[in-house]
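Secondary and tertiary structure notes
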Amino acid sequence: MNRWIYVLVYWWLCLPAWARLGGGSRYRSSSRSSSRSSGSSWGSSSSGRSSSSSSWGWSSGSSSSSSHSYSSGSSYHSSGGSGHGGFFDFIEGLFTLCLIGLGLVVLFYVLMRFHKSLNAQMVFVGMAGWIILAVTHPWLLGFLALLGVMFAGKYEWDNLDLLGGIQRFFAGDGSAGTRIRNFTDGGSGGPNYDVEISQPRPLVYSQLLKQDPNFSLPIFREFAVLLYCQAMQEMPGGKFSHTVPYLSPGAAKQLTQRGAPFEKVRDIVVGSFQLKNVSAGYNRSVMRVFFESNYVVEKEGRLQGYIAEETWTFERKAGVLSKEPKAVATLNCPCCGYGGEFPSNGVCPQCSSTNIKAEFGWQVTNIQVIFTEEFEPNLVEGGGIEEGTDLPVKVHFELGRRKEDFMTRHPDFNWDAFWDKASQIFLKLQEGWTERDASKCRPHETDLLYRTHRYWIEEYQRKGKINKLSDIKIDRWILSNVISDAYYESITGRVYASMIDVTTDENGRVLSGNPNKPRVFTEYWTFIRRIGHKEAKGDSVTSCPSCGAPLDKINQAGQCEYCETVVTLGDFDWVLTNIEQDEVYDVI
């Protein structure tokens, strides 16, 4: 009789797992379109591998491979794959399943030795129950991962990612969740809409916040994307004169080998930045970041474009606290702030320190290239219909609590006024893009976003092309997430908009797009504001929030030349820091 008690306990624990696998409550949308094309605007999206055209625009880094788009980054071509699912997660999951199975075999062998009433059949049933429980319950995955890491003694085995892979494969991507129809709260205007509530993931960056309360995700994103772009530029020849403090010898070698066939790497666009795993142990803090990007190389006298999906592992010595935002979002010496070139050994010429052991800041220790594919770079291509607009709105599973906490801190906060300000910024950026005038965008964007957008505006000027956006209409904004850290508060909203989007030459001849049919699209825009911000003087969309003067003299450093105050750090009011497309946006 005792032997059946074990079986009943196993399956009782597995009932929630069966409920989730049984269907109905989970919704998994495709992470990307396999053949996407769109027009041009601030927000376009990724495109499929089959697309033969290319695009230039603004996206979070992304725009469509068949559009010109004004989004947070530039021309962007998507591979059509997914960095968090599919075949690679299946391999991760299968390998992890073998590891878990091996451990369970040992466990039940020991039980059989001490409990004679157990037989092989009971062992098999029990193992099956525990495996189902493991792959569908994030808390158990986290527990098993921590046990494995503690047993290993250090965070270098990628245990956490393997366990995450098996959960994503069997239970869906960590960002996918329950779908709710006809949701009504959290936005500005428009009819009811569908939402997709993210499921709590077993390992998120909240672990790191406990160890480093100064950590700020928006600042780390700027740092990581800046490092990625600069290191990719420097990989031909292997002279990492600006990035060596942040690259381990192994990572530098990987990049050098990868860049050996190329004479130059340029036009780097990061289309997706996603935290894949975060862990904070006794010895090291580790973050695995997934990048999806486009870049153009000079190879044997010709230009060749590449689409890439890769994961970079960032490590840092445990106990190191993040520095002020100004110091983090740069590639200066992590110890003294020196901003010049570094020798190949990474020793700072000013303070003689080295970050070889990641004792002062983050360091890339491994680069895993998941996928690359060639494409032909071209500035002009046809317009198309934006896909992904009908996907449900992705919202954080704790959005209600986060919004309530935010309102507790800011009881007078007016959401309607905020969305109105977001709409004004949206229109100002479209205006600057159409007129090829980056100065109109500068007051409203953080540094990295502005530098990327300015590059592509100048690229249009060099090519003699004009991307004209007109009849711009904003249907509504939907709240997706609210985050607060030691330095910043951020609000992410999904914007629903439409516009006439055509590309012409200097003589007005239409090269692409439909002048009679608006392009309808959606994007996720993230705004940040400094904790303890100062009160803005006047309307910060049209005047300097510090002195109230017109915004006609904001230099490239984001400084008002009337009062010499930098206005793009969120010290006074909300500024735009990121734009992501529907199919790559990940709720954290």
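The structure contained in this document is the topic of the report that follows. These numbers were taken from a predicted model, which means no experiment stands behind them.

About the criteria used
Residues numbered from 1 in each chain as written. Predicted model: local features only at pLDDT ≥ 70, side-chain atom pairs only at ≥ 80, totals over all residues. Heavy atoms only, no water. Helix = DSSP H or I, 4+ residues; strand = E, 2+ residues; numbered from the N terminus. Buried < 20%, exposed > 50% of the residue type's maximum accessible area, 1.4 Å probe, protein only. Contact = heavy atoms within 4.5 Å. Phe/Tyr/Trp six-rings, centres within 6.5 Å; stacked < 30°, edge-to-face > 60°. Axes fitted to C-alpha atoms, helices over the stretch in contact; angles between N-to-C directions. Parallel < 35°, antiparallel > 145°, perpendicular 65-115°, else oblique. Nonpolar A, V, L, I, M, F, W, Y, C, P; charged D, E, K, R; others polar. Expected span 1.5 Å × (residues − 1). Polar contact = N/O pair within 3.5 Å; in protein donor to acceptor, adjacent residues only side chain to side chain. Core = buried A, V, L, I, M, F, W, Y, C linked by side-chain atoms within 4.5 Å. Domains from an automatic or database assignment.

1. What about the side chain of Thr 313?
Structurally, the position occupied by Thr 313 is in strand 8 (residues 302–317). Accessibility expressed as a relative area gives 5% for Thr 313, which makes it buried. Contact partners of Thr 313, with chain neighbours within four places excluded, come to Val 286, Met 287, Arg 288, Gln 363, Val 364, Thr 365 and Asn 366.

2. Re the packing of aromatic side chains
For the structure shown, the criterion picks out 33 aromatic pairs. Ring geometry for Phe 220 and Trp 362: centres 5.6 Å apart, planes at 65 degrees, overall edge-to-face. Of the two residues, Phe 220 is situated in helix 7 (residues 217–234) and Trp 362 in the loop between helix 9 (325–328) and strand 9 (363–375); the sequence distance between them amounts to 142 residues. With relative accessibility at 2%, the residue Phe 220 sits in the buried group.

3. Focus: the packing of helix 7 against helix 12 (residues 447–463)
Direction vectors running N to C along helix 7 and helix 12 enclose 40 degrees, while the axes themselves pass 9 Å from each other. Regarding the angle of helix 7 to helix 12, the classification is oblique. Contact residues: helix 7 offers Glu 222, Val 225 and Leu 226, while helix 12 offers Asp 447, Leu 448 and Arg 451. Class assignment of the residues belonging to the contact of helix 7 with helix 12 gives a composition of three nonpolar, no polar and three charged.

4. Some details on helix 11 (residues 415–434)
Over its 20 residues, helix 11 extends 29 Å from the first C-alpha to the last, a length consistent with the 28 Å expected when each residue adds 1.5 Å. N-capping of helix 11 is provided by Asn 414, with a side-chain oxygen placed 2.9 Å from the backbone N of Asp 416. Backbone geometry just after helix 11 places Arg 436 at a positive phi near 55 degrees.

5. Focus on the nonpolar core
Within the largest apolar cluster, 54 residues are counted, with the highest numbers of intra-cluster contacts made by Phe 220, Phe 223, Leu 255, Leu 275, Phe 291, Trp 312 and Phe 314. Mapped by element, the contributors of at least two residues to this core are helix 7, helix 8 (249–259), strand 6 (264–280), strand 7 (284–299), strand 8 and strand 9. Top contributing element to this core by residue count: helix 7, with 12 residues. Both domains that meet at this core, namely domain 1 (200–379) and domain 2 (382–587), each give it at least three residues. Not counting the four nearest positions on each side in its chain, Leu 255 is found in contact with Ala 231, Met 232, Met 235, Phe 240, Leu 247, Trp 312 and Ile 367. Ranked by size, the runner-up nonpolar core spans 42 residues in total, among them Val 269, Ala 438, Ile 457 and Leu 479.

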